[in-house]
Amino acid sequence: MKIIKQFPQIIIIAIFLSSCRTSINKEYPIKNLEKNSDVNPNLEKQRMEINFSCGEDGISEYLDDGWNILKEYSQEKICSWKSVPATKDCNMENDKGCKITKPDKIGEEKFYLLEK
């Protein structure tokens, strides 16, 4: 009967000791030794995405700096907006509720994915 009462205490102590062992093992991990440890980290390729919109074009600066274009795509973009009256007898200065904003100039936005 005495052994049955001590059994839960023995289980708790065993769990505690086994958990302490695993934490000790985690403190000293095995070092991963690689054969190619002398690889130059500067050989990694750099990537960057830039965009130019509404007639801007500065890609030649990047190309002169040694960047290469991997991917190029474009999409339509509104460059400027203008406010127009909703009706002919609308006064936009006094009545803000009759002002409508419309696209004024529509241009193109170019995206470049560059790699060096």
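Note that the structure is a prediction, hence the values are computed from the model and not measured.

1. Some thoughts on the pattern of salt bridges
(1) Moving on: On inspection of all chains with the given rule, the structure shows two salt bridges.
(2) Moving on: The partner of Glu115 in a salt bridge is Arg47, and the shortest N-O contact between them spans 3.2 Å. Of this pair, Glu115 sits in strand β3 (residues 99-115) while Arg47 sits in strand β1 (residues 47-53), placing them 68 residues apart in sequence.
(3) Moving on: Classification of Arg47 as exposed rests on a relative accessible area of 57%.
(4) Moving on: Ionic pairing is found between Lys116 and Asp65, a salt bridge with its closest N-O pair at 3.6 Å. A residue pair is termed long-range when its members are at least 10 positions apart, and Lys116 in the segment after β3 and Asp65 in the loop between α2 (59-64) and β2 (68-85) qualify at 51 residues.

2. As for the state of the cysteines
Between two cysteines, a covalent bond joining their sulfur atoms is known as a disulfide.
(1) Moving on: This model, assessed by the stated rule, comprises two disulfides.
(2) Moving on: Covalent S-S linkage joins Cys90 and Cys98, the inter-sulfur distance amounting to 1.5 Å. In this structure, the disulfide formed by Cys90 and Cys98 twists by about 65° around the S-S bond and is classed as right-handed. Neither Cys90 nor Cys98 differs from the other in exposure class; each is buried.
(3) Moving on: Take the cysteines of the chain that form disulfides and number them in order along the sequence; they join up as 1-2, 3-4.

Thresholds, definitions, all that
The numbers attached to residues start from 1 for each chain and follow its sequence in the written order. Only residues with pLDDT of at least 70 get local features here, since the model is predicted, and only at 80 or more are side-chain atom pairs given and counted; chain-wide, interface and lining totals rely on the full set of residues. Each side-chain value is derived from all of the structure's non-hydrogen atoms; neither hydrogens nor water enter the calculation. Salt bridge, as used here: a side-chain nitrogen of Lys or Arg that lies within 4 Å of a carboxyl oxygen of Asp or Glu. Helix and strand assignments follow DSSP, with helices taken as H or I runs no shorter than four residues and strands as E runs no shorter than two, numbered in order from the N terminus. The cut-offs for exposure are 20% and 50% of the maximum accessible area for each residue type, with area from a 1.4 Å probe on protein chains only; residues under the lower value are buried, those over the upper are exposed, and the others partly exposed. Cysteine sulfurs are considered disulfide-paired once they come within 2.5 Å of each other.

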